[in-house]
Amino acid sequence: MWQLKHDTIILDGMSKFAKWTVRLLLISICLYGAGRLYFALTAGFTVGNVTDLPDIQPFTLKKPSEEKLKEVSALLDQPFHYLGKGCQSYVFESADGKYVLKFLKLQRFRPQWYLSYLPGMKEYRQRKALEKKQKLLPLLSSWKIAYEDLAEETGVIYFHLPGVGKWDRQLTVIDKTEWRHNIDPDQTAFLLQRKASMLCPTLVEKMKHGDLDGAKELLNHLVTSLIYEYKRGFGDNDHALMQNTGVLDGRPVHIDVGQLSSEERFKNPLVYKEELF
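Residues numbered from 1 in each chain as written. Predicted model: local features only at pLDDT ≥ 70, side-chain atom pairs only at ≥ 80, totals over all residues. Heavy atoms only, no water.

**Quick look at empty space enclosed by the protein**
Following the criterion strictly, the structure yields one cavity of 30 Å³ or more and no others. Approximately 50 Å³ is the volume attributed to the largest cavity. Around the largest cavity, the lining residues are Leu 222, Ser 225, Leu 226, Glu 229, Leu 241, Thr 245, Pro 252, Val 253 and His 254. Counting residues per element, the ones that place at least two in the lining of the largest cavity are helix H6 (212-231) and strand S11 (251-254). (1 Å grid on protein atoms, 1.4 Å probe; cavity = no way out; pocket = protein on both sides within 12 Å on 5 of 7 lines; lining within 4 Å. Points joined across faces, edges and corners; volume = space filled by probe spheres on them. Helix = DSSP H or I, 4+ residues; strand = E, 2+ residues; numbered from the N terminus.)

**Description of the nonpolar core**
In terms of nonpolar packing, the biggest core is built from 47 residues, with Leu 101, Leu 161 and Leu 192 touching the most fellow members. For this core, the elements supplying multiple residues, two or more each, are helix H2 (66-75), strand S1 (80-85), strand S2 (89-94), strand S3 (99-104), helix H3 (122-148), strand S4 (156-160), strand S5 (171-174) and strand S7 (190-194). It is H3 that contributes the most residues to this core, eight residues altogether. Apart from the residues lying within four places of it in its own chain, the contact partners of Leu 192 are Val 72, Leu 75, Leu 76, Phe 80, Tyr 99, Val 100, Leu 101, Gly 155, Val 156, Ile 157 and Tyr 158. Core analysis: the second largest hydrophobic core is formed by 11 residues, Leu 199, Leu 218, Leu 226 and Val 271 among them. (Core = buried A, V, L, I, M, F, W, Y, C linked by side-chain atoms within 4.5 Å. Buried < 20%, exposed > 50% of the residue type's maximum accessible area, 1.4 Å probe, protein only. Contact = heavy atoms within 4.5 Å.)

**Examining the layout of surface pockets**
Space inside the largest pocket adds up to approximately 590 Å³. Taken together, 25 residues line the largest pocket, and the ones lying closest to its centre are Gly 86, Val 91, Lys 102, Ile 255 and Asp 256. Every element with two or more residues in the lining of the largest pocket is listed here: S1, S2, S3, H3, S7 and helix H7 (241-244). Of the residues in the lining of the largest pocket, the class split is 10 nonpolar, nine polar and six charged. Size it by volume and the second largest pocket reaches roughly 260 Å³. Around the second largest pocket, the lining is made up of 13 residues, and of these Glu 152, Glu 153, Arg 251, Pro 252 and Val 253 lie nearest the centre. For the lining of the second largest pocket, the elements supplying multiple residues, two or more each, are helix H4 (151-154), H6 and S11. When grouped by side-chain class, the residues that make up the lining of the second largest pocket number five nonpolar, three polar and five charged. (Nonpolar A, V, L, I, M, F, W, Y, C, P; charged D, E, K, R; others polar.)

**Considerations on the pattern of salt bridges**
If you walk through the whole model with that rule in mind, you get nine salt bridges. As a salt-bridge pair, Lys 195 and Glu 93 come within 2.9 Å of each other at their nearest N and O atoms. Placement of Lys 195 in the loop between S7 and strand S8 (197-198) and of Glu 93 in strand S2 is noted, with a sequence separation of 102 residues between them. By relative accessible area, Lys 195 is classed as partly exposed at 32%. (Salt bridge = Lys/Arg side-chain N within 4 Å of Asp/Glu carboxyl O.)

Next up, the structure:
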């Protein structure tokens, strides 16, 4: 009799343990599923993910003229709709379809939020913040090159950092779920760029219509433009050329400007010929 009761208690305990295990498993699955659903619906975009730029001293940017600010202000006086995202930024298209607005995915350049709540993690968090900053600065430098040195080759109109240029209005963006957000320009970094068509579909379209000479001319422009950039000491460290090249006013341009760099070695024909190959 005692053995029976003992076995019953053990089985009952195991049953409760199994129930709690199943419940925890179901809760975990639901939370994971909710997270994946949220990401699918929003692409991970939140205002918090594109604002509150980390300290980037001593990074500097050329101060824009009043004429440039007026030009950019007029272009930004329209809503921008979610277009897509890359590894480094969220991209929004202007209502008139002529421009794209890019915001840095700043969550990639911050220590994990939960480190602030864990005891004894202050030094580790500071070290991670420094590491993240070291990854952010090359990206900012690349955007700066696109704006200040390769505007014609990239279609970049403006690069904004907090404290550089004053704005009297909020930026209006509409996310993937059609939710409207207002973003304070003084709390974010953004890049304004002319929208280009993709290179490969443009070439395919030309070939489809028998425009072989037009396709050849476009490719010739691409190689010539790249060589001209190399001779000036500029290169793109992202070699996914066909995915990162667009066509604007009949000429090829860089549409992804996240890995541009300025190095003397690019001027060496032995180097840039290998890069081209």
